[in-house]
Amino acid sequence: MKSIITLTTDFGSRDHYVGTMKGVMLSVNESVHPVDITHCIESHDVRAASFVIGNSYCYFPKNTVHLVVVDPGVGSRRRPIALFADGHFFVGPDNGVFSSVIRSCEDFSAREIKNRDYFLKETSSTFHGRDIFSPIAAHLSLGVSFSEIGPQIRDPEILPCDGYSVNGAEIRGSIVYTDKFGNLITSIPTEAVSDGARAVVTVGDKQVAGISESYSSVEPGEIVVVGGSGGYIEVSVNQGRASDVFGEVPPEVIIVEESS
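Report on the accompanying structure. Please read these numbers as outputs of a predicted model, since none were measured by experiment.

1. Things to note about the sheet that holds strand β15 (residues 232-237)
By definition, the strands of a sheet pair up through backbone hydrogen bonds, in either a parallel or an antiparallel sense.
Line of reasoning, step 1. Taken together, the 4 strands give an open sheet; going across it, the order is β10-β11-β15-β14, and neighbouring strands pair in antiparallel fashion. Either end of the sheet is taken by a strand with one partner, and the two such strands are β10 (175-178) and β14 (223-227). Neighbour-to-neighbour, the strand axes of the sheet open up by a mean angle of 30°, direction not taken into account.
Line of reasoning, step 2. Two elements, β10 and strand β11 (residues 184-189), share 3 bridges in a ladder whose sense is antiparallel. Across the sheet, the residue bridging to Thr 178 is Leu 184, located in β11.

Take a look at the structure:
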């Protein structure tokens, strides 16, 4: 089976950046299989990158290398790092992009990328995705020992947790991610709600009765709350965009399970 390297970036598809990184990988390992998770992370949105990789890596085979380049601090003192967690490798900047992965794994190993033998011969201060992260990922896909990447570190950057709280029948959470369809994905796990049919969901000044099984449970244009495919409660609009309804800074989400 071919070695797999996934790519998650905020580079978009207009420029040559992603293609160049794939060229570097293939130059190191001709049999590698690059897989695009997304290149549409909003520019510099480290939190969104953490959410995406935390919700996608587990669907790939063990020993997959996951390259994440959302790096507003490129060229600064922030460290380049590699992780080994849950049987997967992760490569990218130490700026919190791997927060979701670290939180979900009981045990992980982190190393600062320092071995220049695995970099491109010339490195720029503005494109570490090409010059450092891509060749490191490719060498890991070839089976280079993780310990050769650099010294072990015990303090990788972890973003503040977007959690949820429970107070009796009330659950409070926040919006952590907005997808392409304008669905607002919350920090509240679906499993935290014992009976969605009896739940009343408050989002800003709007209330929705019940958590539905699908977007089409309501008429087109109506707000609907569902248990999303990623295991979290989502606020949506059937055939519309919840992000347009609630604005760029979505409000807190409150779920109250009414007694029968």
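Next comes the rest of the write-up.
2. A look at the packing of aromatic side chains
Line of reasoning, step 1. Evaluation of the coordinates by the stated rule reveals 10 aromatic pairs.
Line of reasoning, step 2. Ring geometry for Phe 51 versus Tyr 232: centroids 6.5 Å apart, planes at 55°, classification tilted. Here the residue Phe 51 occupies a position in helix α2 (residues 46-54), and Tyr 232 occupies one in strand β15, the gap between them amounting to 181 residues.
Line of reasoning, step 3. Ring plane angle 50° and centroid distance 5.8 Å describe the contact between Phe 89 and Phe 146, whose orientation is recorded as tilted. Taken as a pair, Phe 89 in strand β5 (residues 88-93) and Phe 146 in the loop between α4 (128-141) and β7 (152-153) lie far apart in primary sequence, 57 residues in all. Considered together, Phe 89 and Phe 146 belong to a single accessibility category, that of buried residues.
Line of reasoning, step 4. Every member of this aromatic cluster is reached through a ring pair, and the members are Phe 11, Tyr 17 and Phe 127.
Line of reasoning, step 5. One residue, Lys 180, lies across the ring of Phe 181, its end atom 4.8 Å from the ring centre.

3. A few points about the state of the cysteines
Line of reasoning, step 1. Applying the stated rule across the entire model yields 0 disulfides.
Line of reasoning, step 2. Of all cysteine sulfurs in the structure, the one in Cys 105 sits closest to Cys 58, which takes part in no disulfide; the separation is 9.5 Å.

4. Considerations on the environment of Ile 149
Line of reasoning, step 1. Tracing the chain through its elements places Ile 149 in the loop between α4 and β7.
Line of reasoning, step 2. For Ile 149, a relative accessible area of 0% gives the class buried.
Line of reasoning, step 3. Separated by 37 residues in sequence, Ile 149 and Glu 112 place their C-alpha atoms 7.3 Å apart.

5. Details of the packing of helix α1 (residues 17-28) against α4
Line of reasoning, step 1. The contact between α1 and α4 brings their axes to 8 Å, and the two run at 40°. One finds that α1 runs oblique with respect to α4. Remark: the crossing between α1 and α4 carries right-handed chirality. Residues Thr 20, Met 21, Val 24, Met 25 and Val 28 of α1 lie in contact with α4, whose contacting residues are Gly 129, Arg 130, Ser 134, Pro 135, Ala 138 and His 139.
Line of reasoning, step 2. Its residues placed into classes, the contact of α1 with α4 shows 6 nonpolar, 4 polar and 1 charged.

Parameters at a glance
Residues numbered from 1 in each chain as written. Predicted model: local features only at pLDDT ≥ 70, side-chain atom pairs only at ≥ 80, totals over all residues. Heavy atoms only, no water. Pairing = 2+ DSSP bridges. Helix = DSSP H or I, 4+ residues; strand = E, 2+ residues; numbered from the N terminus. Axes fitted to C-alpha atoms, helices over the stretch in contact; angles between N-to-C directions. Phe/Tyr/Trp six-rings, centres within 6.5 Å; stacked < 30°, edge-to-face > 60°. Buried < 20%, exposed > 50% of the residue type's maximum accessible area, 1.4 Å probe, protein only. Lys NZ or Arg CZ within 6 Å of the ring centre and 35° of its normal. Disulfide = S-S within 2.5 Å. Parallel < 35°, antiparallel > 145°, perpendicular 65-115°, else oblique. Left-handed = near helix turned anticlockwise from the far one by under 90°. Contact = heavy atoms within 4.5 Å. Nonpolar A, V, L, I, M, F, W, Y, C, P; charged D, E, K, R; others polar.

Spatial relationships are all this shows, so hold off on functional conclusions.
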